[in-house]
Each structure stands twice: as structure tokens, then as C-alpha cells.
Amino acid sequence: MKSLKEDYFNPFFSHIYVESEIKDHPRTQKLLAKFPAAEVVEINHYKDVFCRSRQSYTLQHRSQKLILAAKKGTLLYEGAPVCQSFGNEYFYYTSCMMNCIFDCEYCYLKGMYPSANLVIFVNLEDYFAQVEQILNNHPLYLCISYDADLLALEHITGYAREWCDFAEKHENLNLEIRTKCAGVQLAGQLRPVSGVIYALTLSPQEVIEKFEHHTPSLAARLSFAADLIRAGCLVRLCFDPMIYLPEWEQYYAKMLEQVYEALDLEKVVDVSIGTFRVSQDYLKNMRRQEPDSAVVWFPFENEDGYYHYPKELMDEMEHFLVERLAQKIPKEKIFRWKA
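Cut-offs and rules
Residues numbered from 1 in each chain as written. Predicted model: local features only at pLDDT ≥ 70, side-chain atom pairs only at ≥ 80, totals over all residues. Heavy atoms only, no water. Helix = DSSP H or I, 4+ residues; strand = E, 2+ residues; numbered from the N terminus. Rg over C-alpha atoms; globule rule 2.2 N^0.38 Å. Buried < 20%, exposed > 50% of the residue type's maximum accessible area, 1.4 Å probe, protein only. Contact = heavy atoms within 4.5 Å. Areas by Shrake-Rupley, 256 points an atom, 1.4 Å probe, with all protein chains shown as cover. Lys, Arg positive; Asp, Glu negative; His and termini not counted. Charge placed at Lys NZ, Arg CZ, Asp CG, Glu CD. Axes fitted to C-alpha atoms, helices over the stretch in contact; angles between N-to-C directions. Parallel < 35°, antiparallel > 145°, perpendicular 65-115°, else oblique. Left-handed = near helix turned anticlockwise from the far one by under 90°. Nonpolar A, V, L, I, M, F, W, Y, C, P; charged D, E, K, R; others polar. Salt bridge = Lys/Arg side-chain N within 4 Å of Asp/Glu carboxyl O. Pairing = 2+ DSSP bridges. Arc of directions from axis to C-beta. Expected span 1.5 Å × (residues − 1). Polar contact = N/O pair within 3.5 Å; in protein donor to acceptor, adjacent residues only side chain to side chain.

Caption draft 1: A look at the overall build of the chain. Each helix and strand in the chain was counted, giving 14 helices and 18 strands. For 339 residues, the compact-globule estimate of 2.2 N^0.38 gives 20 Å, and the C-alpha radius of gyration of the chain, at 20 Å, lies within 12% of that figure. Its C-alpha atoms give the chain principal-axis dimensions of roughly 55 × 50 × 40 Å. The 339 residues of the chain split such that 57% are buried. Counting contacts in the chain only where the partners sit at least 6 residues apart, residues at least 24 apart contribute 75% of the total. Of the accessible surface of the chain, which amounts to about 15600 Å², a share of 49% is contributed by carbon and sulfur atoms. The average position of the 36 basic charges and that of the 47 acidic charges among the side chains of the chain differ by 3 Å.

Right, here's the structure in full:
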């Protein structure tokens, strides 16, 4: 008997929606060439598809479609309070893609977006132009992979390489590329650039299996990190978000042993530590999309519009990692979200 996916769902990217304005853009043509069997549907604006009412994020994630568009207006935004700035005064983020091929139950994108379909903005040249405008006034620390996992689609878009080429030409620009992906082939495609940090999200294998669906294993992520370090790339380890489970202390202790065995921490740029937190509006939508998820239905505390674990638990979990990692790396290289 066929699975439900085979019976009722189209393959991923079986349909590609393309804004009329950018149908002849070189990146559009390059992306379409990778999916010759896809049905291409011309649209006026990406929001006509992406922002329709009564969409099911959960069901759409089982058969994601691709939307190619051009982003207009402001393309760079100041970093949100729940994001780690790593001491950078001019901390911004940008989204040249929306949504992710991974399916983590606790992902804030499920509360942020009405659709699970992927949007790729093809007008990178406009992003680069706005970055250069800001660089005329001051340095910039820019996160380019917050609202999507850019590296997870690198084999399709090549965007990380384009951003790296751009960063190499601007010494006052630092980029962070956050990811949960892994792969020997991908590591071989990424070259070291002095202003580019690859930030790898690490979780205990038990958290990955329960909540981070379709993501690489911890062992695969650590192998990827080791490959990047050997290649001379700058690597940040992100133990963020830490997720509560009844046996969390045991799981995170075991994870650290795996990290120590796989990586030379002296060669890691720094580490980020933070427990799960999310805006109250996003959590409301996430709970609607994930009615049976233990991770999003935890009895969080609300502080200034953001939900997080009760302060005592939050402090206990974060201090657990801080204290143990401080035995291996200098404390000034450990960044905690909320001290």
C-alpha cells in the first residue's frame, strides 16, 4: 500500500509560481532549468499565492511549492531583541528567501508566515546595493539566513557563494550564515572568506529526532563543522535554541561529549547559548498549526511580549552549558542570549 504522501501529495516543487516581472531574470531562468518537469504558473505578485487565507502550514510542508519573486522596498532590517548580536553595534538581518525545507516543530516561521511554500527572491543585486548604501555610513554585521536555511538550498540557488563573493569585496562587512544542514559535498563548495561566519545549530540527537524533522543528525552536523574548520572557514557553534525535555541535562551532557570528540574548540570562533523563546503572536499561530506538539505547548512565561521557559528553568539550562563550555573555551567567546 502506498504511503499517504505518495497517494495524496505532489512531489516537492512540482509547481513553480513566477512573478511576471522577473520571468526573464537570469536567476529565474537558472532556477527553472533545475526543474524541467515542474508546472510553471505565472503570477502577478508572490503574495497572491503566499498570503492566501486558510492555508495549512503543516499540510503544505509535505508538498512544498516554489515561488520566484522580486523583493521591493526595504531589504535590510535591524536585528530583533530575541536575536544574538555577538557584540556588534550595527546588527542587521535580511531575507532573500522565505521558509525552510526542514520541519522543526518549534520553528518561529510557522507562526510568522501564512504559508509553508518557499519564496526565493531573485533580485540579489538590489540586496547588494542596499548593503553598500549602509556600508557608506558604518560597518555592518549582517545575518542572511534567519528566515530560511540558505545552505540547505545552496545546491539549487548558489546564494551563499554569491554572498561570499560580495563580502570578499567589502572589508567592513561581516556575514553570518546560520544553518542546520550538513554534507561533504557542500563543505567542499564553501571557501573561507575572512568576513563570513558559518553558524551551525547543534542539538542533542534526542531533540533532533523528536522535534527537528528532516534535519541532519548531530553526528552529520559535527562532521560538517569539522570539514569547514579544516577548510579554513570561520565556524560558530549555536546551542540555540535549547529545548526542554525531562532528561534534558543527560541529553545535553552527552551532546557536549560528542562535540568535544569531533571538534577542536580552540578553532571555533565562538559559541551561542540560549533557550527557546518566541514572540507571543508567533506562538499563538504556532500552536494553531501544531496542536499536538509538546515543544510549543509548554507552559511558557510571557515577558514583554515574548514567551520563554520559566526563569529558573531557563537559567538552569543555559548555565549548564555555559559552565561546561567555559572549561574548554574562554568565557569571552561564550555568548548567552539572556544573562
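Okay, back to it.
Caption draft 2: Focus on the packing of helix H11 (residues 218-230) against helix H12 (residues 248-262). Taken N-terminus to C-terminus, the directions of H11 and H12 make an angle of 30°; their axes are 10 Å apart at the nearest point. On the basis of the axis angle, H11 is roughly parallel to H12. Remark: the crossing between H11 and H12 carries right-handed chirality. Where H11 approaches H12, its residues Leu218, Leu222 and Ala226 are matched on the opposing element by Met255, Gln258, Val259 and Ala262. Residue composition of the contact of H11 with H12, by class: 6 nonpolar, 1 polar and no charged.

Caption draft 3: Local environment of the pattern of salt bridges. Under the defined criterion, the tally for this structure stands at 19 salt bridges. Between Glu290 and Lys110 there is a salt bridge, and its shortest N-O distance comes to 2.5 Å. Here Lys110 lies in helix H5 (residues 109-112) and Glu290 lies in the loop between helix H13 (280-289) and strand S16 (301-303), a separation of 180 residues in the sequence. Of the charged contacts, one joins Arg221 and Glu212 as a salt bridge, the two residues approaching to 2.7 Å between their closest N and O atoms. A relative accessible area of 1% places Arg221 in the buried class. The structure contains a network of salt bridges with shared partners spanning Lys311, Asp315, Glu318 and Arg336.

Caption draft 4: Seen up close, the sheet that holds strand S8 (residues 118-121). Judged by pairing direction, the sheet is mixed, and its 5 strands sit side by side in the order S2-S1-S3-S8-S6 without closing on themselves. With one partner strand each, in any of the chains shown, strand S2 (39-43) and strand S6 (97-98) form the two edges of the open sheet. In this sheet, strand S3 (residues 66-69) lies alongside strand S1 (residues 15-19) in parallel orientation, the contact comprising 3 bridges. When the bridges of S3 are listed, Tyr17 appears paired with Ile67.

Caption draft 5: Region of interest: the environment of Trp248. Within the secondary structure, Trp248 sits in helix H12. Sequence-wise, Trp248 and Glu206 are 42 residues apart; in three dimensions their C-alpha atoms are separated by 9.1 Å.

Caption draft 6: Structural view of H13. Among the residues of H13, Leu283, Met286 and Gln289 are the ones counted as buried. For H13, the buried positions fall inside an angular range of 120° around the axis, keeping them on one side. Facing away from the buried side of H13, by more than 90 degrees, are the exposed residues Asp281, Lys284 and Arg288. For H13, the secondary structure elements touched by its buried residues are helix H4 (57-60), H5, strand S15 (277-279) and strand S17 (306-308).

Caption draft 7: Local environment of the sheet that holds strand S18 (residues 334-336). With respect to topology, 8 strands assemble into an open sheet ordered S4-S5-S9-S10-S11-S13-S14-S18, the strand pairing being mixed. Two strands lie at the open edges of the sheet, namely strand S4 (76-78) and S18, each paired on one side alone. Taken pair by pair, the neighbouring strands of this sheet meet at an average axis angle of 25°, ignoring direction. Where S4 meets strand S5 (residues 91-94), 3 bridges bridge the pair, whose relative direction is antiparallel. In the sheet register, Glu78 faces S5, and the bridge partner there is Tyr92.

Caption draft 8: Representation of H11 in the model. An ideal rise of 1.5 Å per residue puts 18 Å on 13 residues; H11 measures up with 18 Å between its terminal C-alpha atoms. If you check which residues of H11 are buried, you get Leu218, Arg221, Leu222, Phe224, Ala225, Ala226, Asp227, Leu228 and Ile229. Positive phi appears at Gly232, one or two residues downstream of H11, with a value of about 95°.

Caption draft 9: Representation of the side chain of Gln55 in the model. Among the secondary structure elements, Gln55 is positioned in the loop between helix H3 (47-50) and H4. Of the residues examined, Gln55 reaches a relative accessible area of 13% and is grouped as buried. There is a polar contact of 3.4 Å between the side chain of Gln55 and the side chain of Ser115. Those residues in contact with Gln55 that sit more than four places away from it in its chain are Val49, Phe50, Gln60, Pro114, Ser115 and Gln289.

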